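The lines below spell out each chain.
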Amino acid sequence: MKDAREIAFAGVTSQDQAIQRLLRVRFAECLEKQEALTGGDDDAVHAFRLACKRLRYAIERWEEAGDLKPVTELLSKIADELGAAHDCVVLAKRASECNAHLVVRRALQDRDRYKTRGRRLWYGAFNAHGTFEPLALFTGFHWDGAPLVSI
Amino acid sequence: MEKQITSAADALACHCRKPRSAKRLHAARKALARLRAALEDLGTLAGAAPDFRERVWQLHRCAGKVRNADVLLDRIEGYREYAAQDESEQLREVRAALRKRRKRARSELDRLLRKLPELRA
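Residues numbered from 1 in each chain as written. Chains lettered and ligands numbered in written order. Predicted model: local features only at pLDDT ≥ 70, side-chain atom pairs only at ≥ 80, totals over all residues.

On to the overall build of chain A, then. Along its length, chain A carries 5 helices and 2 strands. Along the first, second and third principal axes, the C-alpha set of chain A runs to 60 × 30 × 25 Å. With 151 residues in all, chain A has 34% of them scored as buried. When contacts within chain A are restricted to residue pairs at least 6 apart in sequence, long-range pairs at least 24 apart make up 52% of them. (Helix = DSSP H or I, 4+ residues; strand = E, 2+ residues; numbered from the N terminus. Buried ≥ 20, exposed ≤ 12 C-beta atoms within 10 Å, placed from the backbone. Contact = placed C-beta atoms within 7 Å.)

Following this line, the structure appears as structure tokens:
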């Protein structure tokens, strides 16, 4: 998956610290790329989706992440919506190569619909006591409602 | 990491036994995606060899091409149910193009998998 940040574990002395650092970096990637949801760059949306998947896999790999299960469930839903949006973008490209303009139009309409759903799910999780609150607290981000502010 | 490697190998072996199955291909790709993510997170720490990473990346990419074609062909079928005649004709052309792409992608994946003889057993 492209654009994954390198994780440096220097100075880490325990498993908990390592997990915290890993999740912090992966969550930060998502936060960095979230603007794609309000822009018009399909590649940026795809990169944001991949960052969400990296974060989800990182949480799921950690067996004691019970408190963060709602986060992985939400990330999975977001990735599904944005995955469908990406499929529509690719379909529009293939259809365009065949001069199938009606198919292009329909695929792009669907892309917008899926992207809107993904955006709602993502931003909805930043409400006070929202789905991302435990993750933000665990990874050391200051939780102050949207937008998140790093300490 | 060991768990992710075993899981990806099992899923690929399962795919090799029935390479036309979209479900098995999807399962293999998902397992490869998890292995790839594990390597990105912990590969340096675990001392993963660069050529092993590269093989995982390649397999994931190739499996992705087949999977994308499968998904798009399903979507085309969905569109066809509610399409007027003009659009149906266009959908048929796109479907034919996607089938060709899928065939090429399957061959590419098969070539890669042949380089992993332990999975063909």
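Once the structure has been displayed, the description carries forward.
Before going further, it helps to examine the environment of A:Glu64. All names here are of chain A. Here Glu64 shows up in the loop between helix H2 (42-61) and helix H3 (69-97). By the C-beta count within 10 Å, which is 9 here, Glu64 ends up exposed. The spatial distance from the C-alpha of Glu64 to the C-alpha of Val103 is 46 Å, given a sequence separation of 39 residues.

What follows covers the interface of chain B and chain A. When the parts of a complex come together, some accessible area is lost, and that lost area is often taken as the interface size. Contacts between chain B and chain A engage 20 residues on the former and 20 residues on the latter. Top element by residues in the side of chain B that touches chain A is helix H4 (residues 85-114) of chain B. It accounts for 8 residues. Class assignment of the residues belonging to the side of chain B that touches chain A gives a composition of 10 nonpolar, 2 polar and 8 charged. (Nonpolar A, V, L, I, M, F, W, Y, C, P; charged D, E, K, R; others polar.)

Further remarks concern the nonpolar core. Taken as a class, soluble globular proteins show a tendency for nonpolar side chains to be buried jointly. A:Cys52, A:Leu55, A:Ala95, B:Leu32 and B:Ala63 are the most contacted members of the largest nonpolar core, which has 63 residues in total. At 11 residues, H3(A) tops the list of elements feeding residues into this core. Not counting chain neighbours up to four residues away, the residues in contact with A:Leu55 comprise A:Arg26, A:Phe27, A:Cys30 and A:Leu75. (Core = buried A, V, L, I, M, F, W, Y, C linked by C-beta atoms within 7 Å.)

Here we take up the environment of B:Arg95. All names here are of chain B. The residue Arg95 is located in helix H4 in this model. Given 20 C-beta atoms within 10 Å, Arg95 falls into the buried group. Separated by 26 residues in the primary sequence, Arg95 and Ala69 have C-alpha atoms spaced 9.4 Å apart. In this structure Arg95 touches Leu73 and Ile76, once residues within four positions along its chain are discounted.

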